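Residues per chain are reported as follows:
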Amino acid sequence: MKPLYIISHVACSRPGYFCEYLDSRNVDYVRVSIESGEPLPTPDSLSGLVLLGAPISVNSDQPWIEREMALVRSCAERGIPVFGICFGGQLISKAFGGRVFPSSTIQIGWHPVAVAAQRHALFNGTRLPDRFDAFEWHEESFSLPPGAVPLFNGDEAGNQGFLYKSCLAVQFHPEVTAEIIEEWAARYEACVDKPTEGIQDYREMLLDVDTKLAAMRQMTDLLFEWLIERTRQIS
């Protein structure tokens, strides 16, 4: 079986818990670092594609962004599953005609996310909570591309996830661990030293973090399982 490819854009944006999940299910994967200049895979070489976050805008003029969007489109044409997280989700939106724009509220920390009524398109009747708390870190938001199915919404930031063909995009961060949250809070200290309604401080982000992560994973593990099941259909 072909491996799943995980695209990391910067060193501090790691797949974290997602790799733990893959390892527990003996799923082969290859990690690619854009920051290190490693080339993108070809659609014929992979069973699925995961796009992680990045501290830049999808609207910036980095040449690799256009190449990554082209890869996403090629994967969708072939029915290869693509899972985009935060920047990766925004990239999927833009690749298929959506907009990426400054969010009305910067979100950093734990925020409630509502599960859309159209969730059956992804979860096939699985009983789900109406809401869950997800870890967020973003200044921009995405619109739904034409024809996309909404999956998740936020009270303040609007769209939080959608399904488009074989592509799943989310704005929140299902991959984070307590260690990743600690690292981001330290690295980007200036972003969290003045809390607002949408921005939590270091202590609030890490308060009962293991409990919060476990609760979020009851939902986000279903997203990972969707991806794995789709990869198994790619020969």
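Before going into details, it helps to say that this report is about the structure given with it. Quantities reported herein were computed from a predicted structural model and do not represent experimental measurements.

## Quick look at the pattern of salt bridges
Then comes step 1: Within this structure, the stated rule accounts for five salt bridges.
Then comes step 2: Across the salt bridge formed by Glu-183 and Arg-187, the nearest N and O atoms sit 3.6 Å from each other. Note that Glu-183 and Arg-187 are positioned in helix 5 (residues 178-187) at a spacing of four residues, about one turn of the helix.
Then comes step 3: A salt bridge links Arg-232 to Glu-229; its shortest N-O distance comes to 2.7 Å.
Then comes step 4: For Arg-232, a relative accessible area of 45% puts it in the partly exposed group.

## Examining the sheet that holds strand 3 (residues 48-51)
Two pairing modes exist for strands in a sheet, parallel and antiparallel, and in both the strands are linked by backbone hydrogen bonds.
Then comes step 1: Spatially, the nine strands line up as an open sheet ordered 2-1-3-4-9-8-7-5-6, and their pairing is mixed. Strands with a single pairing partner mark the edges of an open sheet, and in this sheet they are strand 2 (29-33) and strand 6 (131-142). On average, each strand axis in the sheet is inclined to that of its neighbour by 20°, with strand direction left out of account.
Then comes step 2: The strands that helix 3 (residues 87-95) touches are strand 3, strand 4 (82-85), strand 5 (100-115), strand 6, strand 8 (158-164) and strand 9 (167-170); relative to strand 4, the one it contacts most, it runs at about 120°.

## Some points on the pairing of strand 1 (residues 4-8)
Then comes step 1: Here strand 1 lies mainly inside the structure; five of its five residues are buried.
Then comes step 2: Both faces of strand 1 are covered, namely the face carrying Leu-4, Ile-6 and Ser-8 and the face carrying Tyr-5 and Ile-7.
Then comes step 3: Direction of pairing for strand 1 relative to strand 2: parallel, over a ladder of five bridges. Its bridge partner being in strand 2, Ile-7 is matched across the sheet by Val-32.
Then comes step 4: The parallel pair strand 1 and strand 2 is bridged by helix 1 (residues 17-24), and the resulting crossover is right-handed.

## Here's the deal with a negative patch on the surface
Then comes step 1: A grouping of Glu-20, Asp-23, Glu-179, Glu-182, Asp-208 and Asp-210 is seen on the molecular surface, where their side chains present a negatively charged patch.
Then comes step 2: Mapped onto the negative patch, the elements with two or more residues apiece are helix 1 and helix 5.
Then comes step 3: Inspection of the secondary structure assignment puts Asp-23 in helix 1.

Calculation rules
Residues numbered from 1 in each chain as written. Predicted model: local features only at pLDDT ≥ 70, side-chain atom pairs only at ≥ 80, totals over all residues. Heavy atoms only, no water. Salt bridge = Lys/Arg side-chain N within 4 Å of Asp/Glu carboxyl O. Helix = DSSP H or I, 4+ residues; strand = E, 2+ residues; numbered from the N terminus. Buried < 20%, exposed > 50% of the residue type's maximum accessible area, 1.4 Å probe, protein only. Pairing = 2+ DSSP bridges. Axes fitted to C-alpha atoms, helices over the stretch in contact; angles between N-to-C directions. Contact = heavy atoms within 4.5 Å. Right-handed = clockwise from strand over helix to strand, strands pointing away. Patch = residues over 30% accessible without salt bridge, like charges linked within 9 Å, V, L, I, M, F, W, Y side chains within 5 Å. Areas by Shrake-Rupley, 256 points an atom, 1.4 Å probe, with all protein chains shown as cover. Lys, Arg positive; Asp, Glu negative; His and termini not counted. Charge placed at Lys NZ, Arg CZ, Asp CG, Glu CD.

None of the figures reported here should be taken as evidence of function without further support.
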